[in-house]
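Descriptive analysis of the structure
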Amino acid sequence: MKPMVRVCGTLLLGLLLAACDNTTADEHVTRAEAALAGHETRTAVIELKNALQKAPDHAQARLLLGEAQLELGDYPSALKELERALDLGLDDDRVRAGLLRAKLRLGRHQEVIGALEDAGALTPSLAVILADAYLASGDLGRAHALYEQGSALSDGNMGLGVVAWQQGDVERAERHLARAVELDPRNADAWLRKGELELALQRLEAAEASFAKAAELPASRVLGHVGLVRSALLQKNLAVASDRAGRLLEIAPSFPMAHYLDGLVRFEQQDLEGAEAAIREVQRVAPDHPPSLYLMGAIKYRQRHLAQAENNLQRYLAQDPGNESAAKLLASARFDQGSYERAVEVLTPFVAGTRDPQVLAMYGAAQLRLQRPAEATAALERAVDMAPDAAPFRNQLALSLLAAGDRSRAEAELESAIEVDGEQFQSGYLLAMLRMRDRDWEAAGEAVESLIESNPDNPMGYNLRGALALMAEDVAGARRAFATALEKDPQFLPAVQNLARLAEQQGDRAAAMGHYQAFLESSPDNEGALIALADLALRAGDRAAAADHLQRAAAAHSDAVRPRLGLARLHLAEGRVQAASEAVDEALALAPDLPDLLLLRAEIDLRRGDVAAAKAAAVRLQAGVAEAAGAGGGASPTLYLALGSLQARLGDRDLARSNLERALSLSDGNNPAALRALARLDLGSGDADAAAAKVERLLAAGDDAPGTRLLQADVLLAQGQRAEAERMLTELADAGAREAVMRLATLSLADGDAAAAAGRLEEWLGRFPGDLGAELLLADALMRQDQDRALARYERLSDTGNAVVLNNLAWLYMERNDPRAVETARRALAAAPDNPDVLDTVGWVLLKSDVDVSEAVSLLRRSVQLNPRNASVQYHLGVALRESGDLAGAREALRRALDVEGFPEAREARAALAALEGAD
């Protein structure tokens, strides 16, 4: 019973309190009016809410509450209360003015224009409201005329000041804004506008005074403090800005702008983690807030998280495409990632009209990296003209002149750079490199020693001294120079790389690793050192150690692409297709348009049997190449070759030929790999003579590489000269050429000699275990002679996640009534959801396992859509439709299957069709 006593006691206390409050609603309204007269707006709101609690239909209370909430800046609540006042019968200019002001504040200016533009003669107050609406819609002329009608009002003068400011008449703007605050010292918007104008004119003391006045008023309390923070930032007074930002957060902890300014202050204080945390608060509620996107891009750039910087800056520029500063920062992020074409792309719209020499210098440097010296030189010459005392710009110009073959002008620019800034290390470094490139060892030595003398603590000079010593075959001297470079700067990785390279060349791989391991003791997560160790481990055949180093680099650098690319390639080489897929997807999230990643993605998809996904990657690559060409650029011969080779494997012969021919032309016709790939296209098209002509061209050029000889054997096979082809293939296989082994095994399978194919493949796998392609071909051979052995081999390979492995394993399980068939088939489908053979297997397994007839029909229909000429799938679909009760559909599918001659299940299909037709 005790809880009941407490409840009753509480109820009694409430009744007693209520009984003590005999204030009427009208009395609460009277108190509110007194509070409003004394500028105690929040007190007035409390009184008005008490009045409405007692008399919800009190129209005057609704009006006053709406006006109070307007003053406090709570525009949605103000609109609601004023609409209630209107509904309760208060329909006068005061109510209408309040409603229209609330709508203006909520961005509904077109509604205001619609309500007032045809209303005839307007009071000064309503004229100013309509002027505000026209101003918001960009119609300065109409706004100005209406503000003139309200020139006796504070808001009218504020509007005239804003119009004058937008028209560039600063003096008139100042005069009107001063009059606005004189007429109504509590006009919060006028104080804010006045502060903004003074801030723009760099009258910081006056701006601070105006913002301080605004901060004292309820409606502009928060924005007044915003202005005070901005003023402190403009004065570079970070301590004051930080204090003010903290005060703003206390006042408005949920206000996104407060967090943005806090982030901006922290960024200026070099507190990148604090800045990032503040901007994340903004993006949590306003993910597309433009200033926050820009600032987050700058934060991530400073943190060297370049892919994330690029993401934020791209999103910012989508909203403000004309912002040159943001474009320059985005170009920097792309340049630093090696995406020079995309850096050029973002800067191109600004180059013609820019007055920023940094924009021109970056554009020129990117063009130089893309081997376009003419474009680079033109841009860099303009940069030097704009900033003649900037030695780095002269250095870049010298590099572009060298690329264009203008050596004398390049040297002149470098010498000018040294004259402009005697401390400019890069200029002396480039001059020394020039002398080395000329093989003028004496002049190069003098330049290097001069460089060291003027910059004794810079490790790069000693690194050059080591390079010169190596050219003179002075290994001991080179080692001493590299060691000195490392003494000058223990974090100077190039010296470590040179010392490691020397050790490896002398056969001491352990010492080479030791150099990197010692370096990592002081810089434990250095990406370059970890990747170098992984490369050393791979050359030593230690794939596990290589994977460890790459995983460590990836874990330490959340936005690093290189270690993830390396891991994907390593996993793929080991046949771990799923692991490779996960690694490359991580890398693609960071650099979605990187060609190496898209090519690897396509290769993985092909290994998984997902041809559709591989084609999608090829389409993206082709679009990138076409876009670059349309912008006046283009891809490298290597990319054209890789893309063409991929398209050839996917059956896109026209595109493949176009890209391969482009690779050949960019290499002056001297690209054996491109020529071989084109010859293979000829073979695929049945033109063995054209392929033979290309082989002759390769041989005439002295190309006797295994790839060319393998191609020659394939041409001989196409020409019917099998004996000669097999002789060549056997020679290549005996010499360790993998593709020759695979060709010979395939020939044996075609002859029906599965035992010979299996024997050759088992011999190869004994020498090179882990070759997934050979494993798959061997399993295929065993399927034809010993399914138990084939099953065992597929089971060993199932962890690779390869769709072909899982598909065939599921089929073997099904034939043995093994319940694992369904689970394995579904794994195959997950690995290659658009592969028609996998869809067929999964559908047939589900049907034969009595799992789900309707799902089996759906999967088999999809397989037929992708490959309508596969008679076996048509047969399987017919059986599935029969089991689902669709006899007409079953007959149609079985007839389509029997239209194809000689497929393995033709007898079963005829029997099934006969049974259905007999049932008719």
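Residues numbered from 1 in each chain as written. Predicted model: local features only at pLDDT ≥ 70, side-chain atom pairs only at ≥ 80, totals over all residues. Heavy atoms only, no water.

The secondary structure content of the chain amounts to 54 helices and 0 strands. In terms of C-alpha radius of gyration, the chain reaches 39 Å, well past the compact-globule figure of 29 Å for 920 residues. Principal-axis analysis of the C-alpha atoms places the extent of the chain at approximately 110 × 100 × 65 Å. Within the chain, buried positions represent 48% of all 920 residues. Long-range contacts, defined as pairs at least 24 residues apart, comprise 48% of the intrachain contacts of the chain with a sequence gap of at least 6. Side chains of the chain carry 100 positive and 136 negative charges; the gap between the two charge centres is 2 Å. (Helix = DSSP H or I, 4+ residues; strand = E, 2+ residues; numbered from the N terminus. Rg over C-alpha atoms; globule rule 2.2 N^0.38 Å. Buried < 20%, exposed > 50% of the residue type's maximum accessible area, 1.4 Å probe, protein only. Contact = heavy atoms within 4.5 Å. Lys, Arg positive; Asp, Glu negative; His and termini not counted. Charge placed at Lys NZ, Arg CZ, Asp CG, Glu CD.)

Here we take up the packing of helix α19 (residues 306-319) against helix α20 (residues 324-336). One way to put it is that α19 packs onto α20 with a least axis distance of 9 Å and a crossing angle of 150°. Relative to α20, the element α19 is oriented roughly antiparallel. Our pair here, α19 against α20, has a crossing hand that is left-handed. Contacts from Leu306, Ala309, Glu310, Leu313, Gln314, Tyr316 and Leu317 of α19 reach α20 at Ala326, Ala327, Leu329, Leu330, Ala333, Arg334 and Asp336. Grouping the amino acids of the contact of α19 with α20 by side-chain chemistry returns 10 nonpolar, 1 polar and 3 charged. (Axes fitted to C-alpha atoms, helices over the stretch in contact; angles between N-to-C directions. Parallel < 35°, antiparallel > 145°, perpendicular 65-115°, else oblique. Left-handed = near helix turned anticlockwise from the far one by under 90°. Nonpolar A, V, L, I, M, F, W, Y, C, P; charged D, E, K, R; others polar.)

Moving on, we get to the nonpolar core. Where a protein is soluble and globular, its nonpolar side chains tend to be buried together. Counting 108 residues, the largest nonpolar core has Leu597 and Tyr875 as its most contacted members. The element contributing the most residues to this core is helix α48 (residues 803-815), with 8 residues. (Core = buried A, V, L, I, M, F, W, Y, C linked by side-chain atoms within 4.5 Å.)

This paragraph deals with the side chain of His259. By the element assignment, His259 lies in helix α16 (residues 256-268). Aside from chain neighbours lying at most four places away, what touches His259 is Leu249, Pro253, Ala278, Ile279, Glu281 and Val282.

A few words on the packing of helix α47 (residues 787-797) against α48. Packing of α47 against α48 leaves a shortest axis separation of 9 Å and a crossing angle of 135°. As the angle between them shows, α47 and α48 are arranged oblique. Read as a crossing pair, α47 and α48 show a hand that is left-handed. Every residue of α48 that contacts α47 at Gln787, Ala790, Leu791, Tyr794, Glu795 and Leu797 is listed here: Val805, Asn808, Leu809, Leu812, Tyr813 and Glu815.

Turning next to the pattern of salt bridges. Scanning all chains against the criterion turns up 57 salt bridges. Ionic pairing is found between Glu208 and Arg244, a salt bridge with its closest N-O pair at 2.8 Å. Within this pair, whereas Glu208 is found in helix α13 (residues 204-215), its partner Arg244 is found in helix α15 (residues 238-251), the two being separated by 36 residues in sequence. Its relative accessible area of 18% is what places Glu208 among the buried residues. By relative accessible area, Arg244 is classed as partly exposed at 21%. Residue Lys300 pairs with Glu276 through a salt bridge whose shortest N-O separation is 2.8 Å. Within this pair, whereas Lys300 is found in helix α18 (residues 290-302), its partner Glu276 is found in helix α17 (residues 272-285), the two being separated by 24 residues in sequence. (Salt bridge = Lys/Arg side-chain N within 4 Å of Asp/Glu carboxyl O.)

The terminal C-alpha atoms of helix α40 (residues 672-684), which comprises 13 residues, lie 18 Å apart, in line with the 18 Å expected from a rise of 1.5 Å per residue. Those residues of α40 that sit buried are Ala674, Leu675, Ala677, Leu678, Ala679, Leu681, Asp682 and Leu683. (Expected span 1.5 Å × (residues − 1).)

A few words on the environment of Leu860. Note on placement: Leu860 falls in helix α51 (residues 853-866). Classification of Leu860 as buried rests on a relative accessible area of 0%. Among all residues touching Leu860, those that are not within four sequence positions of it are Leu839, Asp840, Gly843, Trp844, Val873, His876, Leu877 and Ala880.

Turning our attention to unusual backbone geometry. Phi at Gln202 takes a positive value of approximately 65°, unusual for a residue other than glycine. Examined against the element boundaries, Gln202 turns out to sit in the loop between α12 (188-200) and α13. The residue Lys236 is not glycine, and still its phi comes out positive at about 60°. Note on Lys236: relative accessible area 65%, which makes it exposed.

Here we come to the confidence of the model for the chain. Detailed conclusions should not be drawn from predicted coordinates in areas where pLDDT is low. Per-residue confidence for the chain averages 83 on the pLDDT scale, and 90% of its residues sit at or above 70. Here residues 1-20 is a poorly scored stretch, pLDDT under 50, and it has 0 contacts once near neighbours within four places are set aside; other chains count. (pLDDT = per-residue confidence, 0-100.)

As a further point, take the side chain of Arg172. Position of Arg172 among the secondary structure elements: in helix α11 (residues 170-183). Since its relative accessible area comes to 17%, Arg172 is described here as buried. Look past the residues within four positions of Arg172 in its chain and what remains in contact with it is His144, Leu160, Ala164 and Gln167.

Our next topic: the packing of aromatic side chains. Inspection of every chain in the model, using the stated rule, returns 3 aromatic pairs. An angle of 70° between the planes, with centres 5.0 Å apart, marks the rings of Phe335 and Tyr340 as edge-to-face. With a centroid separation of 5.8 Å and an interplanar angle of 50°, the aromatic rings of Trp844 and Tyr875 are classed as tilted. One end of the pair, Trp844, is in helix α50 (residues 836-848); the other, Tyr875, is in helix α52 (residues 871-884), with 31 residues separating them in the sequence. Judged by relative accessible area, Trp844 falls into the buried class, the value being 6%. Owing to a relative accessible area of 10%, Tyr875 belongs among the buried residues under this scheme. (Phe/Tyr/Trp six-rings, centres within 6.5 Å; stacked < 30°, edge-to-face > 60°.)

Our focus in this paragraph is the environment of Tyr462. Within the secondary structure layout, Tyr462 lies in helix α28 (residues 459-471). In this structure the C-alpha to C-alpha distance between Tyr462 and Ala212, which are 250 residues apart in sequence, comes to 59 Å. Sequence-distant contacts of Tyr462, that is, excluding residues within four places in its chain, are made with Ile452, Pro456, Ala481, Thr484, Ala485 and Lys488. A polar atom in the side chain of Tyr462 sits 2.8 Å from the backbone oxygen of Pro456. (Polar contact = N/O pair within 3.5 Å; in protein donor to acceptor, adjacent residues only side chain to side chain.)

With that settled, consider the environment of Gly445. Within the element layout of this structure, Gly445 appears in helix α27 (residues 441-454). It is 7.3 Å that separates the C-alpha atoms of Gly445 and Leu468, two residues lying 23 residues apart in sequence.

Given 3.6 residues to a turn, an α-helix orients residues that are three or four positions apart in the same direction. Between the first and last C-alpha of α27 there are 20 Å, a value that for 14 residues agrees with the 20 Å anticipated at 1.5 Å per step. Of all the positions in α27, only Ala443, Ala444, Gly445, Ala447, Val448, Leu451 and Ile452 are classed as buried.

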